[in-house]
Amino acid sequence: MATKTTFSINSKTITKAFQDLFDSFKSSRLRVSSKNGHEYLNISLLLAVIIGIIFPVAFIVLIIISVVSNIEIAILQEEKQEDSTSKMIELK
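Notes on the structure follow. Everything quoted here is computed from the prediction, not taken from an experiment.

## Some words on the sheet that holds strand β2 (residues 39-44)
Right, so step 1: Across the sheet, three strands lie side by side as β2-β1-β3; this open sheet has antiparallel pairing. The open sheet has two edge strands with one neighbour each: β2 and β3 (71-77). On average, each strand axis in the sheet is tilted by 15° relative to the strand beside it, whichever way the strands run.
Right, so step 2: Sheet strands touched by helix α2 (residues 45-54): β1 (28-34), β2 and β3. Its angle to β2, the strand with the most contacts, is close to 95°.

What follows is the structure, given as structure tokens:
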């Protein structure tokens, strides 16, 4: 009887999951702005999470302010672009 493993948990997969999560946090930003485009805060998401852990009251205040007023909270992820500077030149 053949068995099929679809997912296994070991130190390598756990380390890779934390690495991917950390890379995702590093490439994301938290932006707080008004509806008309005035930007109040634009920081790294990793820094925002650290601030939220150390000062949870600041996170709660930000949520309350966003509900009461016209503030927009967005998480922006920077996409990695492929290096398209190398071009092929065909000689005939």
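## What about helix α1 (residues 11-26)?
Right, so step 1: The terminal C-alpha atoms of α1 lie 22 Å apart, and with 16 residues this matches the ideal 22 Å at 1.5 Å per residue to within 8%.
Right, so step 2: With a side-chain oxygen positioned 3.1 Å from the backbone nitrogen of K12, the residue opening α1 is N10.

## Overview of the layout of surface pockets
Right, so step 1: What the largest pocket holds in volume is close to 260 Å³.
Right, so step 2: Contributing to the lining of the largest pocket are L30, L41, I43, L45, A48, I51, G52, A58, F59, L62 and I73.
Right, so step 3: Only β2, α2 and α3 (56-68) provide two or more residues apiece to the lining of the largest pocket.
Right, so step 4: A per-element tally of the lining of the largest pocket places α2 first, with four residues.
Right, so step 5: Taken together, the residues of the lining of the largest pocket sort by class into 10 nonpolar, one polar and no charged.

Cut-offs used in this document
- Residues numbered from 1 in each chain as written.
- Predicted model: local features only at pLDDT ≥ 70, side-chain atom pairs only at ≥ 80, totals over all residues.
- Heavy atoms only, no water.
- Pairing = 2+ DSSP bridges.
- Helix = DSSP H or I, 4+ residues; strand = E, 2+ residues; numbered from the N terminus.
- Axes fitted to C-alpha atoms, helices over the stretch in contact; angles between N-to-C directions.
- Contact = heavy atoms within 4.5 Å.
- Expected span 1.5 Å × (residues − 1).
- Polar contact = N/O pair within 3.5 Å; in protein donor to acceptor, adjacent residues only side chain to side chain.
- 1 Å grid on protein atoms, 1.4 Å probe; cavity = no way out; pocket = protein on both sides within 12 Å on 5 of 7 lines; lining within 4 Å.
- Points joined across faces, edges and corners; volume = space filled by probe spheres on them.
- Nonpolar A, V, L, I, M, F, W, Y, C, P; charged D, E, K, R; others polar.

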